[in-house]
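# Tertiary structure, described
Here's the letter readout for the chains.
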Amino acid sequence: MQDETDRRSLDLAAIRARLAGARGSQLWRSLEQLAETPEFQEFVRHEFPRGADLWRASLSRRSFLKLMGASLALAGLSACARPRETIVPYVRQPAEIVPGKPLYYASALTLDGIARGVLVESHEGRPTKIEGNPRHPDSLGATDMFGQAAILGLYDPDRSQAVINVGRISTWEAFVTALTARLQALAGGQGAGLRLLTGTITSPALAAQIEALLARYPAAQWHQYQPAGRDSALEGARLAFGQPVDTLYRFDQAERILSLDADVLLHGPGSLRYARDLIDGRRVRQGQARMNRLYAVESMPTITGAMADHRLPLRASLVEPFAREVAARLGVGGVGAPDQPSPIPGAWTDALARDLQASRGKSIVIAGDQQPPIVHALAHAINEALGNTGATVLHIPPVAASPANGGESLRALAADMAAGKVSLLVTIDCNPAFDAPADLGFAQALARVAMRVHTGLYADETASLSHWHIPAAHPLEAWGDARAFDGTVSIVQPLIAPLHGGISPHELLAALLGQTGGSSYEIVRGYWQGQRGGADFEQFWRQSLHDGVVEGTAFAPIQVSVRPGALSSQAARPTPQNGLELVFRPDPTIWDGRFANNAWLQELPKPMTTLTWDNVALLSPATAERLGLSSEDVVELRLGGRAVRAPAWVMPGHADDAVTLFFGYGRTIAGQVGSNIGYNAYALRSSGAPWIAGGAELVRTGERYPLAPTQDHFAVDGSDLVKLGTLAEFQQNPNFIHGAAAAVPGEGLPSLLPEYRYDGHRWAMTIDTNACIGCNACVVACQAENNIPVVGKPQVQVSREMHWLKVDRYYTGGADNPAAVFQPRPCQQCEQAPCELVCPVAATVHSAEGLNDMVYNRCVGTRYCSNNCPYKVRRFNFLQYSDQKTPVIQLMHNPDVTVRDRGVMEKCTYCVQRISAGRIAAERDGRPLRDGEVKTACQESCPTGAIVFGDLNDPASQVAQLKAQPLNYGLLAELGTQPRTSYLARLRNPNPEIPV
């Protein structure tokens, strides 16, 4: 690990010279690797850095005691001994519950109001794992990192557990009494002074309740605000079409795609579905050599840009002039001349336009949610000019119940509060005291409201300023409903009674309507009975709960067209010439701050940067060189009279003269895990420039701040770790990655070790690097399935994170705009495993089905196996990381997987517990185990289906067919380890008119 006191600055000029002189496509992990720093060499030579003693020298006694506190249920190092447990059987065992056999229930989780269908695994009445619902139009059986981590959010011991009135514990009944008295006082003025503040609402049942409330109190107002909301997209539709609409994309039918600063593969409504559809168009197999082509123009590196065939970094404010130039070349009228030409070469833009024109009706142009409305309008106009509208691009009515401009709505609310016009504010599941734009002075205005009510999962910053705080029920604890990106409704059904007496939004709205006593189940069911009433309602209800979707609720496409003069009605925005440009983005893992107390997400390496436990200020190598900055230098950023301090991070591929800030950190009241971590980017964000702000000043402070990146951890030494090529090379010679031979390297190498014979199953895995988007959902899925603990930032800094699966990110090309490729690295399950030969107690053994098993109760912690593993995929419990004391955390553990103690080596097992469950089910039914019946946790969560697992003894299995593909290769197979996990090479489909 780089020492935080004397880390040397990187010589970027020398790094560029080295890359320029490299032959072929050299793979590199980080700028530190290119600089050949001693710290990186230490990572390569050793699994852990030299001198990583039991405790870091920087860990003080105070820090140790804090780490050993109650919150270590979530941040590692909690208990030092196994707890004593008393086993008590059921008095009356429910007929549908069989101990040891999980049940699955269809439900939905929402992010920014948009629903994704899930299947929740339940053991004896306690949810333990979340998977995607194959019937849902978005998830298609997959999940993202937030869905996987929702289980930890359910069992978070820091959740709010009581009704609070002015700092004191109270009751729901006392709150209802106080609320009723306040509403009676407002009734004479038809509710004037009553305000409701929520995030985006897509729930039909909840929207009906809000409409009833507004009908009862006509002078009341409903405000919506989402920090990472889609105001720009809706305003762009209003600008283009004269009305707000949502846009659906048919990536499965697109041959050419242009992304205008849009990270469509990672976040946003429909991203799971879009990732699957887009990647399906990039799967190359022998006899099927066709790929779509993806262009990405973006301000900061994203996983969408990493998957692109052509990617160009461009300041966010210059995306608009670039879009105008593309529109003009495609014959879109009224685009006007850009205020400032984009720096992208005209030849590049010409070639792009010709390629899009050649794929009329089979292309997509998509704008990022953080781009201004005019860019969205330009994208709509380009799609219409290309004939994409109605083919690959569809428009539907807004999914949100009230498609208001959230930023404008919050501004109006803050102004009315400051003017004393609000006497009762009810805030539902949002935290504006923390995440409102700084210029609104929301917290100060809130103090002028006579009665302030807040409901949420946590007693957060807004709750601390409210008179009443009501603990909210988790989505897995309460009934509800919500719409997906295409309008499809899912019924949200609970799997467990509220652990802390939480109240659902439906119950709170019922209290506002004077309808106390009704449960959320009665409210939601009653709404749908009114919509689908009749003799067959019970069948409809049960079917909707079973399937996880309400049939026939998807919105039908509507016909809209770009209004004449719509584009020319808004002049080009002037581009700031002085100072740096600030770009605001939600954090990739913490989002807008709502997941700050989720330790799984805090310790999850962020896609592209691989950072954990912090947010940073990203800037390009050229900008860092000009300003004399290195990663971990603390800088002060000033804008509009406000300032924040943040650690810098030099990011290859970032646009020059711009700084990307991630909001969501800097929480002051977020639980013991999430409080006082990172900086608060909301302090610089203004309502007038929520995403892009020019004229910022950066000042060096001379201070350093140690960060915890993981990219160089467990670094594997070897060449050609990832096989790269182009579609043209594959079409010319399908075996090009192996040279003249078509066999997988290493499978035919002679060995002195005995060969194994498998009469039953022979398990194996393939990972398609052409489909892996690096989203890290698989990492959280593995963590949830296998009871993997977190260790905390100090332990991550010395390379002790416990993730069994690591997604490596490699670069190729220059530091200013490199191409990126992802390679997940679980245990390779070697046929001739070096680890098995050296274990003195036979704790790591070869199974009859080819698995490299770990027998935990034999392991004595010699770590010989780890030293002998060339893939560095084994993890050692240096300390008692797992929590075996906090009762609520124990409820979360998967009972099919051992919770490991200190001093035990652990690693990926191909989810052997799932293999055993599948085998038992097949034997019970008297049939063979079918291909695809057993799925590993990483495979099941993968949005793109990049991971395939199965039986090599079945020649018809998907994994056997993929291993027969010419693109298949083994990692370090030249060592003769014969890895069971293999990879398919990464291909790109560049435009021959554009030099790569």
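Reference entry: report on the structure contained in this document. (Residues numbered from 1 in each chain as written. Predicted model: local features only at pLDDT ≥ 70, side-chain atom pairs only at ≥ 80, totals over all residues. Heavy atoms only, no water.)

## A word on the overall build of the protein chain
Heads up, the condition is: Here a helix means four or more residues in a row that DSSP labels H or I, a strand means two or more in a row labelled E, and each is numbered from the N terminus. Here the open area of atoms and residues is found with the Shrake-Rupley method and a 1.4 Å probe, where only the protein chains shown may cover a residue.
Helix and strand counts for the protein chain stand at 33 helices and 39 strands. As displayed, the protein chain offers around 36800 Å² of accessible surface, 51% of which is attributable to carbon and sulfur atoms.

## Considering the packing of helix 8 (residues 204-216) against helix 20 (residues 520-532)
Just so we agree on the cut-off: Inter-axis angles, ranging from 0 to 180 degrees, are taken between N-to-C directions of lines fitted to C-alpha atoms, where helices are fitted over the stretch in contact. An angle below 35 degrees is read as roughly parallel, one above 145 as roughly antiparallel, one from 65 to 115 as roughly perpendicular, and any other as oblique. Contacts are residue-level and defined by heavy atoms, with any inter-residue pair within 4.5 Å sufficient. Gly counts as polar in this scheme, as do all residues outside two lists: the nonpolar Ala, Val, Leu, Ile, Met, Phe, Trp, Tyr, Cys and Pro, and the charged Asp, Glu, Lys and Arg.
Contact pair helix 8 / helix 20: the axes reach a minimum separation of 9 Å and the direction vectors enclose 90°. In this view, helix 8 runs roughly perpendicular relative to helix 20, as classed from their interaxial angle. Where helix 8 abuts helix 20, its residues Pro-204, Ala-205, Ala-208 and Gln-209 lie against Ile-523, Val-524, Tyr-527 and Trp-528. Across the contact of helix 8 with helix 20, the residue classes break down as 7 nonpolar, 1 polar and no charged.

## Re the layout of surface pockets
Threshold: Of the grid points, spaced at 1 Å and generated over the protein atoms alone, those admitting a 1.4 Å probe that cannot get out make up cavities, while open sets with protein on both sides within 12 Å along at least five of seven lines make up pockets; any residue with an atom within 4 Å of a point is treated as lining. Grid points are joined across faces, edges and corners, and a volume is the space filled by probe spheres set on the points.
What the largest pocket holds in volume is close to 1300 Å³. Lining the largest pocket are 43 residues; nearest its centre among them are Arg-914, Glu-933, Val-934, Lys-935 and Glu-940. Every element with two or more residues in the lining of the largest pocket is listed here: strand 3 (114-123), strand 4 (126-132), strand 29 (763-768), helix 31 (912-925), helix 32 (937-941), strand 36 (947-951) and helix 33 (958-963). Among the elements that make up the lining of the largest pocket, the one with the highest residue count is helix 31 (7 residues). Along the lines of polarity and charge, the residues of the lining of the largest pocket split into 16 nonpolar, 12 polar and 15 charged.

## Quick look at the sheet that holds strand 16 (residues 451-456)
This is how the line gets drawn: Pairs of strands are assigned from DSSP output, requiring at least two bridges between the strands.
Taken together, 7 strands build an open sheet; the order of strands is 6-5-17-16-15-7-8 and the sheet is mixed. Because the sheet does not close on itself, it has two edges, and the strands there are strand 6 (168-170) and strand 8 (221-224). The sheet shows a mean angle of 20° between the axes of neighbouring strands, taken without regard to direction. In this structure, strand 7 (residues 194-198) lies alongside strand 15 (residues 424-428), joined through 5 bridges in parallel fashion. The residue of strand 15 that forms the bridge with Thr-198 is Ile-428.

## Side note on the sheet that holds strand 11 (residues 293-298)
Overall, parallel pairing links the 4 strands, which are arranged 12-11-10-13 in an open sheet. The open sheet terminates on both sides in strands that have one partner only, identified here as strand 12 (310-313) and strand 13 (363-367). The mean inter-strand angle of the sheet, taken between neighbouring strand axes irrespective of direction, is 10°. Where strand 11 and strand 12 come together, 4 bridges link them in parallel fashion. Bridged to Ala-296 within strand 12 is Arg-311.

## Things to note about helix 10 (residues 271-280)
Quick note on the threshold: Here's how the labels work: a residue is buried when its accessible area is under 20% of the maximum for its type, exposed when over 50%, partly exposed in between, all with a 1.4 Å probe on protein chains only.
Along helix 10, 7 of the 10 residues are buried, which leaves the element largely enclosed by surrounding structure. Within helix 10 the residues assigned to the buried category are Ser-271, Leu-272, Tyr-274, Ala-275, Asp-277, Leu-278 and Ile-279. Buried residues along helix 10 sit in contact with strand 3, strand 9 (246-249), strand 10 (256-260), strand 11 and helix 11 (303-307).

## Remarks on the pattern of salt bridges
The criterion, for reference: Here, a salt bridge means any Lys or Arg side-chain nitrogen found within 4 Å of an Asp or Glu carboxyl oxygen.
Throughout the structure, instances matching the rule amount to 50 salt bridges. Among the ionic pairs, Glu-477 bridges to Arg-159, the shortest N-O distance being 2.8 Å. Residue Glu-477 is located in the loop between strand 17 (468-471) and strand 18 (480-483), and its partner Arg-159 is located in the loop between helix 6 (145-154) and strand 5 (163-165); the two are separated by 318 residues in the primary sequence. The same class applies to Glu-477 and to Arg-159, which are both buried. Glu-933 is the partner of Arg-927 in a salt bridge, and the nearest nitrogen-oxygen pair spans 2.7 Å. A relative accessible area of 22% means that Arg-927 is categorised as partly exposed.

## Regarding the pairing of strand 8
If a strand is regular, its side chains alternate between the two faces of the sheet. In plain terms, the rule: By convention a crossover is right-handed if, when the strands point away from the viewer, the path from the first strand over the helix to the second runs clockwise.
Bridge analysis of strand 7 against strand 8 gives 4 bridges, and the strand direction is parallel. Of the residues in strand 8, the one forming a bridge with Thr-198 is Gln-224. Read as a crossover between parallel neighbours, the route from strand 7 over helix 8 to strand 8 is right-handed.

## Overview of the packing of helix 20 against helix 21 (residues 537-547)
A packed helix pair is summarised by two numbers, namely the angle formed by the two axes and the spacing between the axes. Using the following cut-off: The hand of a helix crossing depends on one turn: near helix anticlockwise from the far one by less than a right angle means left-handed, and clockwise means right-handed.
At their nearest, the axes of helix 20 and helix 21 sit 10 Å apart, and the two run at 125° to each other. Comparing the axis directions of helix 20 and helix 21 gives the class oblique. At the point where helix 20 passes helix 21, the crossing takes the right-handed sense. Judged by residue contacts, Tyr-521, Val-524, Arg-525, Trp-528, Gln-529 and Arg-532 of helix 20 engage Phe-537, Glu-538, Phe-540 and Trp-541 from helix 21.

## Let's talk about the environment of Gln-797
Counting through the fold element by element, Gln-797 comes out in helix 27 (residues 793-797). The sequence separation of Gln-797 and Leu-707 amounts to 90 residues, and the corresponding C-alpha distance is 7.4 Å.

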